[in-house]
Amino acid sequence: MSQVTTQASGEQHLVHRTGWLRAAVLGANDGIISVSSLIVGVAAAPGATASNILIAGTAALVGGALSMAAGEYVSVSSQADTEQADLAREQRELVRAPEQETAELAAIYVSRGVTPALAQQVAEEMMAHDALGAHARDELGLSDDLAARPIQAALSSAASFTAGAVIPVLIAAVAPRSMVSMAVSIAALLLLAVLGALGAKAGGARLLPAIARVTFWGAIAMGVTGLIGHAFGTAI
């Protein structure tokens, strides 16, 4: 019903984007900052060669993408298991005590401002149409749009991380050895600014605070790893 109403009115709600937007921004941001920081740290180490820098950056890209994919898969799989367990329990309750479940659904509608008589009628009609779906949405807060999809989440995270990390690696590959740290740092900050702007635009937020957040922490990360690489002379 909500989908039909939304389509008929032509409304586009930004909150529907929060799931994929958060994952995409997090993955790309992590790819840019972590790989750029590592490259800068290695490049700052005395004696580090262009080959050392490129190997470190490539390893960080591949390892980071796989780590993001694995972490997201495990996390979202746990969420999916929890959702399925809740749905299975709800299905058992619907078989065991349908009247009680109808009353529970009606009480939810009453708490949202519907009159008791109408809430009871709506609950009965929803139970007759799709009892489990009604309880999944209104009692458990689950929906098809927000359902846990582990494989999709893993692939999306790996792809967004790679998209953020690949440019610093390419720059490290083509920049002169003496310019690697500066070139990668500048490129990373520009990428972070673009990412912050795109995220703010897609989410309907203010541009400047979003850009300032990501560039500030990116600069801190690269600055710290650069100092560590210079101080210890070790590929970090």
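Worth saying up front: this structure is predicted, and the values here are computed from it rather than measured. (Residues numbered from 1 in each chain as written. Predicted model: local features only at pLDDT ≥ 70, side-chain atom pairs only at ≥ 80, totals over all residues. Heavy atoms only, no water.)

In this section: helix 5 (residues 116-138). With 23 residues, helix 5 extends only 16 Å from end C-alpha to end C-alpha; this falls clearly short of the ideal 33 Å at 1.5 Å per step. Within helix 5 the residues assigned to the buried category are A119, A123, M127, A131, G133, A134, H135, A136 and D138. For helix 5, the elements touching its buried residues are helix 3 (50-96) and helix 4 (98-111). (Helix = DSSP H or I, 4+ residues; strand = E, 2+ residues; numbered from the N terminus. Expected span 1.5 Å × (residues − 1). Buried < 20%, exposed > 50% of the residue type's maximum accessible area, 1.4 Å probe, protein only. Contact = heavy atoms within 4.5 Å.)

What follows concerns the nonpolar core. V35, I39, I53, F161, A172, V180 and V184 are the most contacted members of the largest nonpolar core, which has 28 residues in total. Elements represented by at least two residues in this core include exactly helix 2 (18-43), helix 3, helix 6 (150-174), helix 7 (180-203) and helix 8 (207-232). Those residues in contact with V184 that sit more than four places away from it in its chain are S36, I39, V40, P168, I171 and A172. If you look at the next biggest cluster of nonpolar residues, it comprises ten residues, including I108, Y109, A119 and M127. (Core = buried A, V, L, I, M, F, W, Y, C linked by side-chain atoms within 4.5 Å.)

Below, the discussion takes up the pattern of salt bridges. Applying the stated criterion to the full structure yields one salt bridge. Across the salt bridge formed by E93 and R96, the nearest N and O atoms sit 2.5 Å from each other. Of the two residues, E93 and R96 are both situated in helix 3; the distance of three residues between them amounts to about one turn of the helix. Taking the relative accessible area as the measure of exposure, E93 reaches 23% and is therefore partly exposed. Owing to a relative accessible area of 57%, R96 belongs among the exposed residues under this scheme. (Salt bridge = Lys/Arg side-chain N within 4 Å of Asp/Glu carboxyl O.)

Looking now at the packing of helix 3 against helix 5. Contact pair helix 3 / helix 5: the axes reach a minimum separation of 9 Å and the direction vectors enclose 145°. Crossing angle aside, the handedness with which helix 3 passes helix 5 is right-handed. Contacts between helix 3 and helix 5 involve L87, E90, Q91 and L94 from the first element and M127, A131, L132, H135 and A136 from the second. Looking at side-chain class alone, the contact of helix 3 with helix 5 contains six nonpolar, two polar and one charged residues. (Axes fitted to C-alpha atoms, helices over the stretch in contact; angles between N-to-C directions. Left-handed = near helix turned anticlockwise from the far one by under 90°. Nonpolar A, V, L, I, M, F, W, Y, C, P; charged D, E, K, R; others polar.)

For the structure shown, the criterion picks out one aromatic pair. Aromatic pair F216 and W217: ring centres 5.0 Å apart, planes at 80°, arrangement edge-to-face. On the accessibility criterion, F216 (45% relative accessible area) is partly exposed. Accessibility expressed as a relative area gives 55% for W217, which makes it exposed. (Phe/Tyr/Trp six-rings, centres within 6.5 Å; stacked < 30°, edge-to-face > 60°.)

For the chain, per-residue confidence averages 81 on the pLDDT scale, and residues scoring 70 or more make up 85% of the total. No element of the chain has a lower mean pLDDT than helix 1 (residues 2-9), which averages 42, and none a higher one than helix 6, which averages 89. Every residue in residues 1-9 scores below 50 in pLDDT, and together they form two contacts with partners more than four places removed in sequence or on other chains. A low-confidence stretch, residues 13-19 stays under pLDDT 50, and its non-local contacts, those more than four residues away or across chains, total five contacts. (pLDDT = per-residue confidence, 0-100.)

Taking 1.5 Å per residue as the helical rise, helix 6 with its 25 residues ought to reach 36 Å, and the 36 Å between its terminal C-alpha atoms agrees with that figure. The largest bend along helix 6 reaches roughly 30° and is located at A165, with the proline P168 sitting one to four residues downstream. Among all positions in helix 6, only P150, A153, A154, S157, A158, S160, F161, G164, A165, P168, V169 and A172 are buried. (Bend = angle between axes of the 7 residues up to and from the residue.)

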